[in-house]
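# Residue-level structure breakdown
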Amino acid sequence: MPHSTTVLPLWDAPHPTGPVDATVVVPASKSLTNRYLLLAAMADGPCRVRNALVSRDADLMVEALRALGARIESVIGEHGVDLLVEPIDQSRDLGEVAIDCGLAGTVMRFVPPLAALANGIVSFDGDLHARLRPMRPVIDALKDLGVALHESGEPGQLPFTLTGTGALAGGRIELDSTESSQFISALLLIGARTLSGLEIISTGDKVPSPDHIRMTVATLRELGVRVDDGTEGRWFVSPGPIRAFDLAMEPDLSNAGPFLAAALATGGTIRIPHWPRETTQVGDAWRGILARMGADVELGEDSVLRVTGGAQIRGIEQDESSELAPTLAALCALATGESRLTGIAHLRGHETDRLAALAAELNALGGDVEETADGLIIRPRPLKAGTFHSYADHRMATAGAIVGLAVPGIAVEDIATTAKTMPEFARLWEELAATGGTKKARG
Ligand SMILES: O=C(O)C1=C[C@@H](OP(=O)(O)O)[C@@H](O)[C@H](O)C1
Ligand SMILES: C=C(OP(=O)(O)O)C(=O)O
């Protein structure tokens, strides 16, 4: 998809004149917050989601669940915002409700199966870019489960309307999840609330972002749901209650990525407190990735992750970097050797076609980025000043900010798009950059 022709504001990416040295408190995980919110709406009692993410995607989830009858109240908690959730009463007649999915994959994929369990006529739509994101496997799975669903836009995409009858029988669903792990997660999340449970079979060659499916399974098990994932490409969720909970959300380790990248891009040090010692978040992979790229990485007893960049950034070969890929690609463009990112063909169906967008933007600045069938080959070249377009994609905007640390004169279009998962990004980034010294920056 070409970048927007609408004139969007430009943000002068901060270009520190020396190494940064900062501690950054990263807001809560989108993937965890939106999973726990959805599960709270189906739980067997009131729940508390502590230190919840407050961002566009999380707000859209809250509004979607409220539209389906959940009562959600926001209170100030010990470490941030806590959300108190009273579950949905499936027998209550909702009438007709409309749900705005924005550009949130977790809302557009996870909420329709929940709506099928509620009692009402529920329509779904989202941003213009959202209408391009694949939805076919969720739509077909719901139809296979007997849900009346009318596609009112392009086939297999938003918008559509379904009629929930307050119950789903369950059964066996086959679906091709090559384009997103969220199709499988969406069904796993509601499986326990169907009458006979759900058997989910993945028919595609591979399931992308497998860490996110493991996160879904772990979250369900934590709340007492029985999930059999013993056979590759098959899951069975037993019917049963979802236990009410009171749990705190971890910081978003994927969103920690751009800040950690700043240590490498400037040869400085970044500390991220509250780094979980055990986690299902894909972002924990930063520790290994950044060490392989030449950084000193240490997770202290105090749960602070400290990353210090070296004199150079090493190129890397990385498979299945999932939502980490845009951040990684920006860092690879600043490296001294070639990088190959593989196993990320499905990024073409993310907020934008990320493979095309990254290649276009880095090459426009003088880079040498080649799109392959399933990823990117990035050969470092000296980059020049210019505009980095965001394509309504928060991770494109943060990739532009990373390039701006090393290259003077980068203007990032629509930095506000980072509100999808981190509304405070520009402020935190400016504070981080201000810790740079006065020596001339590399690049
Ligand atoms: O389930 C989730 O929370 C997510 C799954 C992944 O989606 P894909 O499988 O489409 O990559 C990831 O990229 C997205 O940011 C969040
Ligand atoms: C792919 C992403 O988001 P979504 O949850 O909208 O799929 C992402 O945040 O990188």
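Predicted model, so just to flag it, every value in this text is computed and none were measured.

The rules behind these values
- Residues numbered from 1 in each chain as written.
- Chains lettered and ligands numbered in written order.
- Predicted model: local features only at pLDDT ≥ 70, side-chain atom pairs only at ≥ 80, totals over all residues.
- Helix = DSSP H or I, 4+ residues; strand = E, 2+ residues; numbered from the N terminus.
- Buried ≥ 20, exposed ≤ 12 C-beta atoms within 10 Å, placed from the backbone.
- Contact = placed C-beta atoms within 7 Å.
- Pairing = 2+ DSSP bridges.
- Axes fitted to C-alpha atoms, helices over the stretch in contact; angles between N-to-C directions.
- Near = placed C-beta within 6 Å.
- Nonpolar A, V, L, I, M, F, W, Y, C, P; charged D, E, K, R; others polar.
- Domains from an automatic or database assignment.
- UniProt positions renumbered as here; feature names shortened; annotations may be inferred.
- pLDDT = per-residue confidence, 0-100.
- Left-handed = near helix turned anticlockwise from the far one by under 90°.
- Core = buried A, V, L, I, M, F, W, Y, C linked by C-beta atoms within 7 Å.

With that settled, consider the overall build of the protein. Looking only at helices and strands, the protein has twelve helices and 23 strands in total. The proportion of buried residues among the 443 residues of the protein is 53%. For the protein, the share of sequence-separated contacts (at least 6 apart) that also reach a separation of at least 24 residues comes to 73%.

Let's shift gears to the sheet that holds strand β21 (residues 375–379). Taken together, the four strands give an open sheet; going across it, the order is β18-β19-β21-β20, and neighbouring strands pair in mixed fashion. The sheet is open, and its two borders are formed by β18 (317–319) and β20 (368–372), each paired with just one other strand. Strand-to-strand twist across the sheet, computed as the mean angle between neighbouring axes with direction ignored, equals 10°. Of the strand pairs in this sheet, β18 and strand β19 (residues 339–342) are connected by three bridges, and their pairing is parallel.

Another aspect to go through is the site of ligand 2. Close to ligand 2 lie Ala104, Gly105, Thr106, Glu323, His350, Arg395 and Thr421, which account for all nearby residues. Considered class by class, the residues forming the shell around ligand 2 number one nonpolar, four polar and two charged. Per-domain counts for the shell around ligand 2 show at least three residues from each of domain 1 (10–27 + 251–434) and domain 2 (30–248).

UniProt annotation of "binding site: 3-phosphoshikimate" (unreviewed entry) refers to Lys30, Ser31, Arg35, Ser180, Ser181, Gln182, Ser209, Glu323 and His350 when read in the numbering used here. One can find Lys30 in helix α1 (residues 30–40). Excluding residues within four positions of it along the chain, Lys30 makes contact with Leu53, Ser55, Asp57, Ala58, Thr106, Asp252 and Thr421. Considering the arrangement of structural elements, one finds Ser31 in helix α1. The residues contacting Ser31, other than those within four sequence positions of it, are Thr106, His212, Met215 and Gln281.

Moving on: the sheet that holds strand β6 (residues 96–100). Across the sheet, which stays open at both edges, the four strands sit in the order β6-β7-β9-β8 with mixed pairing between neighbours. Strands at the two margins of the open sheet, each flanked by one partner only, are β6 and β8 (148–151). Here the average twist between neighbouring strands, direction ignored, is 20°. As judged from the four bridges shared by β8 and strand β9 (residues 160–165), these two strands associate in the antiparallel manner. Bridge pairing in β9 links Glu151 to Phe160. Running over the sheet, helix α4 (residues 136–144) touches β8 and β9 and is turned about 145° from β8.

The sites that UniProt annotates as "active site" (unreviewed entry) are Glu323. Mapping Glu323 onto the fold places it in the loop between β18 and α9 (325–332). The buried category is assigned to Glu323, around which 24 C-beta atoms lie within 10 Å. When near neighbours in sequence (up to four residues on either side) are disregarded, Glu323 contacts Ser254, Val282 and Arg395.

A word on the domain arrangement of the protein. Segmenting the protein into domains produces domain 1 (10–27 + 251–434) and domain 2 (30–248). A straight line from the C-alpha centre of domain 1 to that of domain 2 covers 29 Å. Residue-level contacts link 16 residues of domain 1 with 21 residues of domain 2. Across the side of domain 1 that touches domain 2, the residue classes tally to six nonpolar, seven polar and three charged.

Here the protein averages 96 in pLDDT, while 97% of its residues score no lower than 70. Counted against residues more than four places away or in other chains, residues 438–443, with its pLDDT under 50, gives 15 contacts. In the model output, the complex is listed with pTM 0.97 alongside ipTM 0.99.

Looking now at the packing of helix α3 (residues 105–117) against helix α5 (residues 182–191). Two elements in contact, α3 and α5, have axes separated by 9 Å at closest approach and are oriented at 35°. Pair α3 / α5 crosses with right-handed handedness. Judged by residue contacts, Gly105, Thr106, Arg109, Phe110, Pro113, Leu114 and Leu117 of α3 engage Gln182, Phe183, Ser185, Ala186, Leu187, Leu189 and Ile190 from α5. Per-class residue counts for the contact of α3 with α5 are nine nonpolar, four polar and one charged.

It is worth spelling out the site of ligand 1 at this point. Lining the immediate environment of ligand 1, one finds 13 residues, of which Ser31, Ser180, Ser181, Ser209 and Glu323 sit closest. Breaking the shell around ligand 1 down by element, the ones donating at least two residues are α3 and α5. Among the residues forming the shell around ligand 1, the class breakdown is one nonpolar, eleven polar and one charged.

Bringing the environment of Gly309 into the picture now. Note on placement: Gly309 falls in the loop between β17 (305–308) and β18. A tally of 26 C-beta atoms within 10 Å means that Gly309 is categorised as buried. Each residue touching Gly309, except ones within four places of it in the same chain, is listed here: Ala263, Leu264, Thr266, Gly267, Gly268 and Ala295.

The subject of this paragraph is unusual backbone geometry. Note that the residue after Leu158, namely Pro159, is joined by a cis bond; omega there is -5°. By secondary structure assignment, the location of Pro159 is in the loop between β8 and β9. Backbone geometry at His274 places phi at a positive 65°, although glycine is not the residue there. Positionally, His274 belongs in the loop between β15 (269–272) and α8 (286–292). One non-glycine residue, Ala392, lies in positive phi territory at about 60°. Tracing the chain through its elements places Ala392 in the loop between β22 (386–388) and α11 (394–406).

With that settled, the discussion passes to the nonpolar core. Core analysis: the largest hydrophobic core is formed by 142 residues, its most contacted members being Leu37, Ala41, Leu114, Ala329, Leu331 and Val403. Examining the composition of this core, we find that nine residues originate from one element, helix α7 (residues 253–266), more than from any other. Two domains each donate at least three residues to this core, and these are domain 1 (10–27 + 251–434) and domain 2 (30–248). Sequence-distant contacts of Leu331, that is, excluding residues within four places in its chain, are made with Ala261, Leu264, Ala265, Met293, Ile313 and Ile402.

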